[in-house]
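Each chain, written out:
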Amino acid sequence: MHYCHHIVIERLGKFRTVLQPGFHFLIPFFDRVAYKHDTREQVLDVPPQSCISKDNTQLEVDGLVYLKVMDGKLASYGIENYRKAAVNLAQTTMRSEIGKLTLSETFSERDRLNESIVREIDKASEPWGIKVLRYEIRNITPSRHVIHTLEKQMEAERRKRAEITLANAEKAAMINMSEGERQEAINISEGQKQKRINEAKGTG
């Protein structure tokens, strides 16, 4: 079990050492296991967070942060609770990074967004003795109000396209009608002209 953990030992209430894998002897009443940190990759859930994009769209974003404890001493004494701190930092960084992008960019540039968040969290969390391996945004959900607004815009766009199509059809019908009337007038005119010619020929 200890092969996957950093075991932090305190002697008389003060840090003494971080035990490496193997057999160790502790002095009863003097030495105690103060902290135990899993050295395997950990996956932390980042709860949904309200963010505002560059074009003032309200979004709810959640994700996963993958990290590993690299230094048992720093993970114990550098921060009170590195898991909670990593999640809070992920949320803060997520808000900041999404604020730099428009709504459409948050969907199209998800990989770049993940990389930016990892870089920022990893930099800030170095004193905690942890290494942030990667970050994954799971869901980007516009607020109900935004979805309603987008639906109204799409409906208006559909209505506008339908009106344009109808107007074009009516215009084409009017052109065809007037073209028919013009042709009929030409035909009548040609007929009258021919009639006069014939009459003139008959008179002659």
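Our structure's up above, just so we're on the same page.
Worth saying up front: this structure is predicted, and the values here are computed from it rather than measured.

Enquirer: Got a minute to help me understand unusual backbone geometry in this structure?
Expert: Trans peptide bonds make up most of the peptide bonds, and negative phi angles are found at most residues other than glycine. We note that asparagine 56 has phi near 60 degrees; this positive angle belongs to a residue other than glycine. Checked against the element boundaries, asparagine 56 lands in the loop between strand 4 (42-52) and strand 5 (58-69). The exposure class assigned to asparagine 56 is exposed, which follows from its relative accessible area of 67%.

Enquirer: Whenever I open this one, helix 4 (residues 110-125) confuses me. Can you help?
Expert: Given 3.6 residues per helical turn, the α-helix brings residues three or four places apart onto the same face. Taking 1.5 Å per residue as the helical rise, helix 4 with its 16 residues ought to reach 22 Å, and the 22 Å between its terminal C-alpha atoms agrees with that figure. Within the sequence span of helix 4, burial applies to Leu113, Asn114, Ser116, Ile117, Val118, Ile121, Asp122 and Ser125. Buried residues along helix 4 sit in contact with strand 5, helix 2 (82-98) and strand 6 (130-142).

Enquirer: Looking at this model, I keep getting lost on the sheet that holds strand 6. Mind explaining?
Expert: Backbone-to-backbone hydrogen bonds join strands into a sheet, with any given pair of strands oriented parallel or antiparallel. The strand order 4-5-6 describes an open sheet built from 3 strands, whose pairing is antiparallel. Pairing within the sheet leaves two strands with one partner each, and these edge strands are strand 4 and strand 6. Averaged over all neighbouring strand pairs, the angle between strand axes comes to 20 degrees, with direction disregarded. Sheet topology note: the strand 4/strand 5 ladder contains 9 bridges and is antiparallel. Note that in strand 5 the partner of aspartate 45 across the bridge is leucine 64. Helix 2 rests against strand 4, strand 5 and strand 6 of the sheet, and its axis sits at about 35 degrees to strand 4. Set on the sheet, helix 4 makes contact with strand 5 and strand 6; between it and strand 6 the angle comes to about 140 degrees.

Enquirer: Help me understand the pairing of strand 2 (residues 14-19) in this model?
Expert: Regular strands place side chains that alternate from one sheet face to the opposite one. For strand 1 (residues 5-11) and strand 2, the ladder comprises 5 bridges, and the chain directions are antiparallel. Across the sheet, isoleucine 7 pairs through a bridge with leucine 19, a residue of strand 2. A loop of 2 residues connects strand 1 with strand 2, the two strands running antiparallel in sequence, and leucine 12 in this loop sits at a positive phi of about 55 degrees.

Enquirer: Explanation requested: the side chain of glutamate 97 in the structure shown.
Expert: Along the chain, glutamate 97 turns up in helix 2. On the accessibility criterion, glutamate 97 (10% relative accessible area) is buried. Excluding its chain neighbours within four sequence positions, the residues that come into contact with glutamate 97 are Leu113, Ser116, Ile117 and Glu120.

Enquirer: Mind showing me how you'd approach the environment of alanine 90 here?
Expert: Inspection of the secondary structure puts alanine 90 in helix 2. Spatially, the C-alpha atoms of alanine 90 and isoleucine 121 are 6.4 Å apart, while their sequence positions differ by 31 residues.

Enquirer: Can you help me understand the nonpolar core in this one?
Expert: If you look at soluble globular proteins, the nonpolar side chains tend to sit buried side by side. If you look at the biggest cluster of nonpolar residues, it comprises 29 residues, and the most contacted ones within it are Val61, Ile121 and Tyr135. Looking at this core, the elements that each hand over two or more residues are strand 4, strand 5, helix 2, helix 4 and strand 6. Considering every element that reaches this core, the biggest residue donor is helix 2, with 8 residues. With residues up to four places along the chain from it excluded, the contact list for valine 61 reads Pro47, Pro48, Gln49, Cys51, Met94, Ile98, Ile137, Asn139 and Ile140.

Enquirer: I'm lost on the packing of aromatic side chains in this one. Help?
Expert: Note on aromatic pairs: each is described by the distance of the centres and the angle between the planes. Counting across every chain of the model gives 0 aromatic pairs. Above the face of the tyrosine 66 ring, arginine 134 is positioned so that its terminal group lies 3.8 Å from the ring centre.

Rules and cut-offs
- Residues numbered from 1 in each chain as written.
- Predicted model: local features only at pLDDT ≥ 70, side-chain atom pairs only at ≥ 80, totals over all residues.
- Heavy atoms only, no water.
- Helix = DSSP H or I, 4+ residues; strand = E, 2+ residues; numbered from the N terminus.
- Buried < 20%, exposed > 50% of the residue type's maximum accessible area, 1.4 Å probe, protein only.
- Expected span 1.5 Å × (residues − 1).
- Contact = heavy atoms within 4.5 Å.
- Pairing = 2+ DSSP bridges.
- Axes fitted to C-alpha atoms, helices over the stretch in contact; angles between N-to-C directions.
- Core = buried A, V, L, I, M, F, W, Y, C linked by side-chain atoms within 4.5 Å.
- Phe/Tyr/Trp six-rings, centres within 6.5 Å; stacked < 30°, edge-to-face > 60°.
- Lys NZ or Arg CZ within 6 Å of the ring centre and 35° of its normal.

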